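Coordinates in review
This is what each chain is made of:
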Amino acid sequence: MSDHHHDHDDGHHHPRPRSELELRAEALEALLVEKGLVSTDAIDAVVELYESDIGPQNGARVVARAWADPAYKERLLANGTAAIAELGYGGDQGETMVVVENTPGVHNVIVCTLCSCYPWPVLGLPPTWYKSAPYRARVVAEPRAVLREFGLELAPETEIRVWDSTAEVRYLVLPERPPGTDEWSEDELVSLVSRDSMIGTAIAVAPEPTPVA
Amino acid sequence: MGGMHGFGPVVVPGCELAYHERWELRVFAMSTIVGHERLGSGSGRAIREEMPPEEYLRASYYERWLWSTERRLLRKGTIAPGEVDAWMARLRSAEDPPRRIDPDQSRRVVGAVTRPDPPLAPAADPRFVVGDRVTVRRMRPAGHTRCPRYVRGATGGVEHVQGMDAFPDIGPYQGPAEPLYSVAFASEHLFGPSEDGSWTVLLDLFESYLEAV
């Protein structure tokens with residue numbers, strides 16, 4: 001947890017009109033605070049946690065370690081939850097985490113068609129598109145069309161594996177390590193791992209295009 | 001909603017963000033605290049599905065969370081009907097919402113969010129083994145289920161025995177523990193032939209959903 005003082009702009013001084021929903025959310029908070037059941041700072045703390053500490057930077061650390069350390073990668077693929085816990089990540093929506101590996105012929109994509117299941121400890125809260133009806137409806141039924149919307153065109157012979165997180169298992173994609181990064185340190189590799197590459201709607205790419213042979 | 005048509009593009013402006021307004025994150029935080037502090041009753045996920053379908057589709061993501069959080073609190077008797085509306089009226093008339101500081105609750109909740117829970121226990125007496133062909137039962141459950149419609153009646157192969165978990169359809173999430181399987185389906189068996197080739201869809205399915213082929 002960082003200890004800087006973020007704005008407590010959530011209950012006071014509204015420069016713009018509040019929507020009914022925003023007002024309802026504030027009313028619920030006021031009610032729970034008034035009853036002495038929930039404290040303002042506990043809400044602030046959870047907000048802060050997901051804004052600062054729990055996010056795709058954690059997953060990127062896991063992926064970079066797997067790229068840099070073959071023994072770690074082996075442990076990660078054998079028992080995702082335990083290997084992820086080695087780096088200090090775990091908790092809500094990460095009770096059982098399974099890591100699926102992209103290889104030259106196989107590309108994995110994660111979805112939750114029923115709601116929005118997502119491995120919070122390593123990816124944080126899901127982006128709006130992940131929770132949207134179009135993604136939930138379409139990625140199981142036309143994955144290539146959906147990936148094309150993200151600018152990802154896979155070779156026709158690549159096997160696409162779409163993981164629908166229907167139970168309590170949470171999935172994380174281990175993207176392929178970009179070519180030309182053999183000399184990169186683990187810390188440098190972290191910067192190549194985007195959130196979307198760990199969901200499977202992108203691949204990890206090195207900033208410099210690799211020269212065409 | 002897996003497989004449905006008509007929802008339009010996935011990638012739209014703003015879709016990269018996890019939330020768009022501060023109140024959404026505070027609703028998320030309240031829901032988290034309500035869960036860990038046992039202030040509510042029932043599963044948020046299952047309650048969100050009780051929204052009338054046309055309302056569910058129209059509602060924004062955190063609107064659904066606000067809806068379910070309120071209902072969990074009402075069901076437990078933590079709040080009474082009308083209390084949120086009463087606070088909305090007070091806020092509308094420019095009353096300042098109360099603030100309360102409780103560092104113990106903050107510490108407790110942050111600890112609970114980041115504390116790894118035990119992963120799924122190994123499956124006891126699984127009826128199926130890796131490699132078995134299984135067909136998903138035809139059914140029409142009235143309440144919460146983790147068996148999407150698009151997979152019912154389809155035949156696939158058991159890829160992995162994930163472990164033991166509470167059957168989600170009863171309770172919900174109060175059913176007896178039973179084996180959970182990762183089952184792989186060829187896209188043709190779910191959606192018929194596609195101009196975009198073939199792919200694999202994998203779901204985590206409870207033993208009660210499955211029949212031997």
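Anything mentioned here points back to the structure above.
Residues numbered from 1 in each chain as written. Chains lettered and ligands numbered in written order. Predicted model: local features only at pLDDT ≥ 70, side-chain atom pairs only at ≥ 80, totals over all residues. Heavy atoms only, no water.

1. Focus: the packing of helix 2 (residues 40-53) of chain A against helix 6 (residues 103-114) of chain B
- Two numbers describe how helix 2 of chain A lies on helix 6 of chain B: the axes approach to 8 Å, and their chain directions differ by 35°. Relative to helix 6 of chain B, helix 2 of chain A is oriented so that their crossing is right-handed. Note on element contacts: helix 6 of chain B touches helix 2 of chain A through B:P103, B:Q105, B:S106, B:V109, B:V110, B:V113 and B:T114, opposite A:D41, A:A42, A:A45, A:V46, A:L49 and A:Y50. (Axes fitted to C-alpha atoms, helices over the stretch in contact; angles between N-to-C directions. Helix = DSSP H or I, 4+ residues; strand = E, 2+ residues; numbered from the N terminus. Left-handed = near helix turned anticlockwise from the far one by under 90°. Contact = heavy atoms within 4.5 Å.)

2. Some remarks on the nonpolar core
- If you look at the biggest cluster of nonpolar residues, it comprises 117 residues, and the most contacted ones within it are A:Y50, A:V62, A:Y135, B:F28, B:F185, B:L205 and B:L210.
- The element that contributes the greatest number of residues to this core is helix 1 (residues 22-36) of chain B, accounting for eight residues.
- Ignoring anything within four residues of it in the chain, the contact list for A:V62 reads A:Y72, A:L76, A:I84, A:L87, A:Y89, A:V122 and A:L172.
- Counting seven residues, the second largest nonpolar core, distinct from the first, contains A:A133, B:M1, B:M51 and B:Y56. (Core = buried A, V, L, I, M, F, W, Y, C linked by side-chain atoms within 4.5 Å. Buried < 20%, exposed > 50% of the residue type's maximum accessible area, 1.4 Å probe, protein only.)

3. Focus: the interface of chain B and chain A
- Each side of the interface is counted separately: chain B has 95 residues, and chain A has 90 residues.
- Summing both partners gives a buried area of about 8200 Å² for chain B against chain A, and 59% of it is carried by carbon and sulfur.
- The largest share of the area that chain B buries against chain A comes from B:V10, B:R26 and B:R100, three residues that together contribute 9% of it.
- Counting across the chain B and chain A interface gives twelve salt bridges. (Buried area = accessible area lost by both parts, 1.4 Å probe. Salt bridge = Lys/Arg side-chain N within 4 Å of Asp/Glu carboxyl O.)

4. Digging into the packing of aromatic side chains
- Tallied over the entire structure, the rule returns 19 aromatic pairs over all chains.
- Between A:W129 and A:Y130 the ring centres are 6.1 Å apart and the planes differ by 65°, which places this aromatic pair in the edge-to-face class. Taken individually, A:W129 and A:Y130 each receive the classification buried, so the pair is uniform in this respect.
- Measuring from ring centre to ring centre gives 5.7 Å for B:F28 and B:W65, while their planes differ by 45°; the resulting arrangement is tilted. Pair noted here: B:F28 is in helix 1 and B:W65 is in helix 4 (residues 61-76), with a separation of 37 residues, a long-range link. Each member of the pair, B:F28 as well as B:W65, is classed as buried.
- Through successive ring pairs, a cluster of aromatic residues spans A:Y50, A:W120, B:F28, B:Y61, B:Y62 and B:W65.
- The ring of A:Y72 has A:R65 sitting right over it, with the charged end atom 5.9 Å from the ring centre.
- Here B:R90 stacks its cationic end above the ring of B:W87, 3.8 Å away from the centre of that ring. (Phe/Tyr/Trp six-rings, centres within 6.5 Å; stacked < 30°, edge-to-face > 60°. Lys NZ or Arg CZ within 6 Å of the ring centre and 35° of its normal.)

5. Concerning the sheet that holds strand 3 (residues 177-186) of chain B
- Within the open sheet, the seven strands sit side by side as 2(A)-3(A)-4(B)-3(B)-2(B)-1(B)-5(B). Their pairing is mixed. Edge positions in the sheet fall to strand 2 (106-111) of chain A together with strand 5 (210-212) of chain B, since each of these pairs with one other strand and no more. Taking each pair of neighbouring strands and ignoring which way they run, the sheet shows an average axis angle of 35°.
- Here seven bridges tie strand 3 of chain B to strand 4 (residues 200-206) of chain B, and the two strands are oriented antiparallel to one another. Directly across from B:A186, in strand 4 of chain B, lies its bridge partner B:T200. (Pairing = 2+ DSSP bridges.)

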